[in-house]
Amino acid sequence: MSDAKPIRKAFSWIWLAIGLLYFFIPLLATFLFSLRGKKGALSFVAYGHVFADPQFLKTFGFSLGMAACTVVAGLALIVPTAIWVYLKLPKAKPVIELLTLMPFVIPPIILAFGLIRTYSRPPFAWISSPAILVAGYVVISFPYIYKAVDAGLRSMDLRGLTEAAQSLGAGWPTLLFKVILPNLRTALLSALFLTFAIVVGELTLAVLLAWPAFGPYMALMGRNLAYEPAALAILSFGLTWGAIALMQALGEKH
Amino acid sequence: MAFLELRNVVKSFGRNEVVRGLSLSVEKGEFVSFLGGSGCGKTTTLRMIAGFEAPTEGSIFVEGAELSRVPPNRRRLGMVFQNYALFPNMTARRNIAFGLRVEGKKGPEVERRVDEMLELIGLGEFGERYPHQLSGGQQQRVALARALAPGPRALLLDEPLSALDAKIRVRLRDDIRAIQRELGITTIYVTHDQEEALSISDRVAVMRDGLIEQIGAPFEIYDRPATPYVAGFIGTLNLLQATALDPEEGSLLVEGQVVRVGRRLEARPGEARSLRLRPEALSLGGPGSNRLAAKLVNVKLHGAIVRLVARVGGQEVLVDCFNDRSLELPGIGADLSLTFAPESCAVERP
């Protein structure tokens, strides 16, 4: 038994190393490629071109804004629902879990056409509203947000904490904001991370609903240029991580 | 009028009736324990008082006001849970202050009360620790302080010591009782541990199948159990098969030996009966007009008590003696003469 432990540990390290290589090698290759903008030398010239294009910050800013709205709307919808299901309707949990898988089964293109058909004529002619895009993003990120929140709720004694807070006089708002959400912090951060990652690079909904988002911008650049799209990918990666780190730091501060 | 009153309370989960028309009155400042095995309805009853479950039928009154439909956060009843349920994101101080802040209290008033509570539970220097930095016993103390801090009308404890080890359990239960006496707070305590219930309660309600089988002072419950179930559930009991000999005289035959219970028996001569005897009611040749010849089978040391396992004919009998220096134990297989007083035994139908 004692011999098996170091072997298992070594295997864990090997798998971790393989995982890290799988993740970082394409990133490194993209980064190195993005530095070849100048013939015969490594340079940041492609990055210069990206920053010089006003569309870059405009589309990236738009997508970040949409991601923030998606996170707020998604969490506002899913967190109370998940808590309610846990506390009052545990039998409905399998149904909710099945629903969360729907976005994997229904491709975004179907969702986009559904949104266009439903919201482009009276009485719901709202297709030009960014709220429809956010609603679409909420659907796409639903499984990721729900799974993260579900894992967070599983790891805490939700019923015990709820009852303890109620016995001390707390109503639902106090219970939610002072007890449950602070204890869901890690889960909420991972939901936020996943949602940002999905929304910032999302292409189908943004193209079909005709929004100047970062996904379509990257696709356009990729069609016309060589090194700039690689620089863009690295930049978007860094900026998304930076935005998440900033939010995490702010979360910790509070 | 009783401080807390339950009137014909019924609770069903689907077809399963967990509490079946339970009625109870608790006076102000009283410490009442609900004692019973799993599934007897004791925790469900407590949760109905707390407001976490709504009674299917019946009413619950506190200080004369009907509470059955009042949400738990408006009942002003403190609750302590088996698994502590401390808020992991808050220090002990903030946990204790939670109820006060919910009431809208602020600043020095809250701090003063939290200090008072930390002092009361003997954890003055642990205020800045998070729950995961405290031991189980300390966490439960903090949970107790948190429940008491807002000055609830009554304190409800749901098996608060079950998750703790034996030594801490004994110490903490004495502390809970001392704090309850100091504050004079009406307390309902749920436990499956009879020793716990008997040692700290003013009254014990022994529950079975959703009803109170007997309620009374601990001595009453132990010494004068009202039903065979209570007699069997509380403490250890010898049940000897006997035959009525002379019901008018109150005599029976146990394995061919005559036993007198000192009162008239409701039985016909020759009718089978069971004789109930606590192990501590029997002694080795001590006072008592009844005498049973037995053989020693085994000896078990329980610390301050020595438990002898003897055989009276074909029946096993337990005898408890104090483990003092005067105790001279015969060897295994030796003949014993077990004595007991007529009033220390009860007779029931088998």
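Residue numbers here run from 1 along each chain, matching the order of that chain's written sequence. Each chain gets a letter, beginning with A, and each ligand a number, beginning with 1, in the order they are written. Owing to the predicted nature of the model, reporting of local features is limited to residues with pLDDT of at least 70; listing and counting of side-chain atom pairs is limited to 80 or more, with chain, interface and lining totals taken over all residues. Excluded from the side-chain calculations are hydrogens and water; all other atoms, namely the structure's heavy atoms, are used.

### Re the pattern of salt bridges
Residue and element names in this part refer to chain B. Salt bridge, as applied in this entry: a Lys or Arg side-chain nitrogen positioned within 4 Å of an Asp or Glu carboxyl oxygen. As enumerated under the stated definition, the model contains 26 salt bridges over all chains in all. A salt bridge links Arg208 to Glu213; its shortest N-O distance comes to 3.7 Å. Accessible area is worked out with a 1.4 Å probe on protein chains only. A residue is then buried under 20% of its type maximum, exposed over 50%, and partly exposed in between. Look at Glu213 and you get partly exposed, because its relative accessible area is 23%. Between Glu348 and Arg276 there is a salt bridge, and its shortest N-O distance comes to 2.5 Å. On the criterion of sequence distance, the pair formed by Glu348 in strand 20 (residues 345-348) and Arg276 in strand 14 (residues 272-277) is long-range, its members being 72 residues apart. Grouping residues by exposure puts Glu348 and Arg276 together as buried. In the salt-bridge network here, residues are joined through shared partners; they are Arg93, Arg101, Glu111, Asp115 and Glu128. Strands here are runs of E lasting at least two residues and helices are runs of H or I lasting at least four, both read from the DSSP assignment and numbered beginning at the N terminus.

### Here we look at the packing of aromatic side chains
The geometry of an aromatic ring pair is captured by two quantities: the separation of the ring centres and the angle between the planes. Under the pairing criterion, centres of Phe, Tyr and Trp rings, with the six-membered ring standing for Trp, must be within 6.5 Å; the plane angle then separates stacked pairs below 30 degrees from edge-to-face pairs above 60, leaving the rest tilted. Tallied over the full model, the rule gives 22 aromatic pairs over all chains. Relative to A:Phe56, the ring of A:Phe51 has its centre 5.6 Å away and its plane inclined at 85°; by these criteria the two rings are edge-to-face. Both rings, one in A:Phe237 and one in A:Trp241, keep their centres 5.8 Å apart while their planes meet at 40°; by these two values the pair is tilted. Taken as a pair, A:Phe237 and A:Trp241 lie in helix 12 (residues 227-253) at a separation of 4 residues, close to a single helical turn. We classify A:Trp241 as partly exposed; its relative accessible area is 44%. Of the aromatic side chains, those joined through ring pairs into one cluster are A:Phe23, A:Phe24, A:Phe193, A:Phe237 and A:Trp241. Remark: a charge is flagged as sitting over a ring if the NZ atom of Lys or the CZ atom of Arg is within 6 Å of the ring centre and within 35 degrees of the ring normal. Over the ring of B:Phe87 we find B:Arg146, and its NZ or CZ is 4.6 Å from the ring centre.

### Thoughts on the nonpolar core
The tendency in soluble globular proteins is for nonpolar side chains to be buried side by side. What makes a nonpolar core is a set of buried Ala, Val, Leu, Ile, Met, Phe, Trp, Tyr and Cys residues whose side-chain atoms join them at distances within 4.5 Å. Counting residues in hydrophobic clusters, the biggest one holds 98 residues, and the most contacted among them are A:Leu153, A:Leu205, B:Leu4, B:Phe34 and B:Phe87. If you tally residues by element for this core, the top one is helix 3 (residues 54-87) of chain A, at 14 residues. Contacts: residue pairs with any heavy atoms within 4.5 Å of one another. In contact with B:Phe87, other than residues within four places in its own chain, are A:Leu161, A:Ala164, A:Ala165, A:Leu168, A:Val179, B:Asn95, B:Phe98, B:Pro131 and B:Arg146.

### Describing the packing of helix 6 (residues 130-154) of chain A against helix 9 (residues 185-200) of chain A
Residue and element names in this part refer to chain A. Between the N-to-C directions of two axes lies an angle of 0 to 180 degrees, each axis being a line fitted to C-alpha atoms and, for a helix, fitted only over the stretch in contact. Relative orientation of the contacting elements helix 6 and helix 9 amounts to 160°, with a least axis distance of 8 Å. Put simply, helix 6 runs roughly antiparallel to helix 9. When the axes of helix 6 and helix 9 are compared, the crossing they make is right-handed. In this structure, helix 6 uses Tyr137, Ile140, Ser141, Tyr144, Ile145, Ala148, Val149 and Gly152 to contact helix 9, whose residues at the interface are Ala187, Leu188, Ser190, Ala191, Leu194, Thr195, Ile198 and Val199. Classifying every residue of the contact of helix 6 with helix 9 gives 12 nonpolar, 4 polar and no charged. Should an angle fall under 35 degrees it is taken as roughly parallel, and over 145 as roughly antiparallel, whereas 65 to 115 is taken as roughly perpendicular and any remaining angle as oblique. A clockwise turn of the near helix away from the far one marks a right-handed crossing, whereas an anticlockwise turn of less than a right angle marks a left-handed crossing. Note that Gly is not counted as nonpolar here; it falls among the polar residues with everything else outside the nonpolar set of Ala, Val, Leu, Ile, Met, Phe, Trp, Tyr, Cys and Pro and the charged set of Asp, Glu, Lys and Arg.

### Considerations on helix 1 (residues 4-34) of chain A
Taking 1.5 Å as the rise per residue, helix 1 of chain A with 31 residues should run 45 Å; its terminal C-alpha atoms sit 45 Å apart, in good agreement. Note on bend: the value at a residue is the angle between axes fitted to the seven residues ending there and to the seven starting there. The sharpest bend along helix 1 of chain A comes to roughly 30°, located at A:Phe24, with the proline A:Pro26 sitting one to four residues further on. For a helix, the expected span equals 1.5 Å multiplied by the number of residues minus one.

### Focus on the sheet that holds strand 18 (residues 315-322) of chain B
Strands sit in the order 15-19-16-17-18 (chain B) across an open sheet of 5 strands; the sheet is antiparallel. On the outer flanks of this sheet lie strand 15 (283-284) and strand 18 of chain B, each paired with one strand and no other. Strand pairing is assigned whenever DSSP detects at least two bridges linking the two strands.

### Comments concerning the confidence of the model for chain A
pLDDT is a per-residue confidence score from the predictor, ranging from 0 to 100. Within chain A, residue pLDDT values average 88, and 97% of them lie at 70 or more. Per-element averaging of pLDDT across chain A places helix 12 of chain A at the bottom with 78 and helix 7 (residues 158-167) of chain A at the top with 96.

### Points about the packing of helix 4 (residues 93-105) of chain A against helix 6 of chain A
All names here are of chain A. Where helix 4 contacts helix 6, the two axes come as close as 6 Å, and the packing angle between them is 145°. Judged by the twist between their axes, the crossing of helix 4 over helix 6 is left-handed. Residues Lys93, Ile96, Glu97, Leu99, Thr100, Pro103 and Phe104 of helix 4 form the contact with helix 6, whose participating residues are Val139, Ile140, Phe142, Pro143, Tyr144, Tyr146, Lys147, Asp150 and Arg154. Tallied by class, the residues present in the contact of helix 4 with helix 6 amount to 10 nonpolar, 1 polar and 5 charged.

### Overview of the side chain of A:Ser43
Residues and elements named next belong to chain A. Examined against the element boundaries, Ser43 turns out to sit in the loop between helix 1 and helix 2 (45-52). By the criterion applied in these results, polar contacts are pairs of N or O atoms within 3.5 Å in which, for protein atoms, one can donate a hydrogen and the other can accept it, and in which residues neighboring in sequence qualify only through two side-chain atoms. Polar contacts involving the side chain of Ser43 include one to the main-chain amide nitrogen of Val45, which spans 3.3 Å. Residues in contact with Ser43, not counting those within four places in the same chain, are Ser34, Leu35 and Lys38.

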